[in-house]
Each structure stands twice: as structure tokens, then as C-alpha cells.
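# Coordinate inspection notes
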Amino acid sequence: MIHSLELTVQQRPEVLERVLRVTRHRGFTITQMQMRMNDDASLSLDMEVDSERAIELLSNQLNKLIDVTQCKVLLPLSLQQRANA
């Protein structure tokens, strides 16, 4: 199952490595990733991950990382369309 995450992280050289390591150790495969700088010098990281495991296993661990200020699990696209209808 594909899940979408939106992370806000501090701009540090090691932050991407930490996020990728936690994602791999929790058994998720990254299928798409996009990063952009925010106005407040933080970074926004949008990720799509694939796994049969519960997304909460990953999001809870990412929230514990010191460089991650926010981790949001986004609704799947099909559910977003139903919510907007």
C-alpha cells in the first residue's frame, strides 16, 4: 500500500540520512520524494512510501527524530477526493 508523508525538518547535513535510515529499518520502500526549502529556513520533505505495514510504525519513529519538527500522514488520494466531494 502506498502512503504519503509530509515532513518538516531542520536544515542540517545529516537529516536526510536519518530519515532514510529510519524508513529502511521500519520496512518501507520510498517510491517518490521531493524536498524544498521553506521561508523559515526549514525543509519540507514529501515522501511516498510503499509497504504492507501500518504507516504509524514509520510516522511514530520519524516524529522521535530530533531534526523532525512535524510529520503528517496524508490521506490516500482516493480518500482525499471523497472527502472533498
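Since we're looking at a predicted model, the values are computed, not measured.

### A few points about the side chain of Ser59
Structurally, Ser59 can be placed in helix H2 (residues 55-64). Setting aside anything within four residues of it in sequence, one finds Ser59 in contact with Leu5, Cys71 and Val73.

### Re the sheet that holds strand E2 (residues 29-37)
One open sheet accounts for 4 strands, arranged E2-E3-E1-E4; its pairing is antiparallel. Among the strands making up the open sheet, the edge pair consists of E2 and strand E4 (68-74). Taking each pair of neighbouring strands and ignoring which way they run, the sheet shows an average axis angle of 20°. Where strand E1 (residues 2-9) lies against strand E3 (residues 43-50), 8 bridges are found, and the strand directions are antiparallel. When the bridges of E3 are listed, His3 appears paired with Val49.

### Re the side chain of Ser44
Here Ser44 shows up in strand E3. Reaching out from Ser44, the side chain makes a polar contact with the side chain of Asn38 at a distance of 2.9 Å. In this view, Ser44 contacts Leu7, Gln34, Met35, Arg36 and Asn38; residues no more than four positions away in its chain are not counted.

### Structural notes on the nonpolar core
Core analysis: the biggest nonpolar cluster contains 17 residues, and Leu5, Leu7, Val19, Met47, Leu58, Leu62 and Val68 have the highest contact counts within it. Mapped by element, the contributors of at least two residues to this core are E1, helix H1 (15-25), E3, H2 and E4. The leading source of residues in this core is E3, at 4 residues. Aside from chain neighbours lying at most four places away, what touches Val68 is Leu7, Thr8, Val9, Val19, Leu62 and Asn63.

The rules we used
- Residues numbered from 1 in each chain as written.
- Predicted model: local features only at pLDDT ≥ 70, side-chain atom pairs only at ≥ 80, totals over all residues.
- Heavy atoms only, no water.
- Helix = DSSP H or I, 4+ residues; strand = E, 2+ residues; numbered from the N terminus.
- Contact = heavy atoms within 4.5 Å.
- Pairing = 2+ DSSP bridges.
- Axes fitted to C-alpha atoms, helices over the stretch in contact; angles between N-to-C directions.
- Polar contact = N/O pair within 3.5 Å; in protein donor to acceptor, adjacent residues only side chain to side chain.
- Core = buried A, V, L, I, M, F, W, Y, C linked by side-chain atoms within 4.5 Å.
- Buried < 20%, exposed > 50% of the residue type's maximum accessible area, 1.4 Å probe, protein only.

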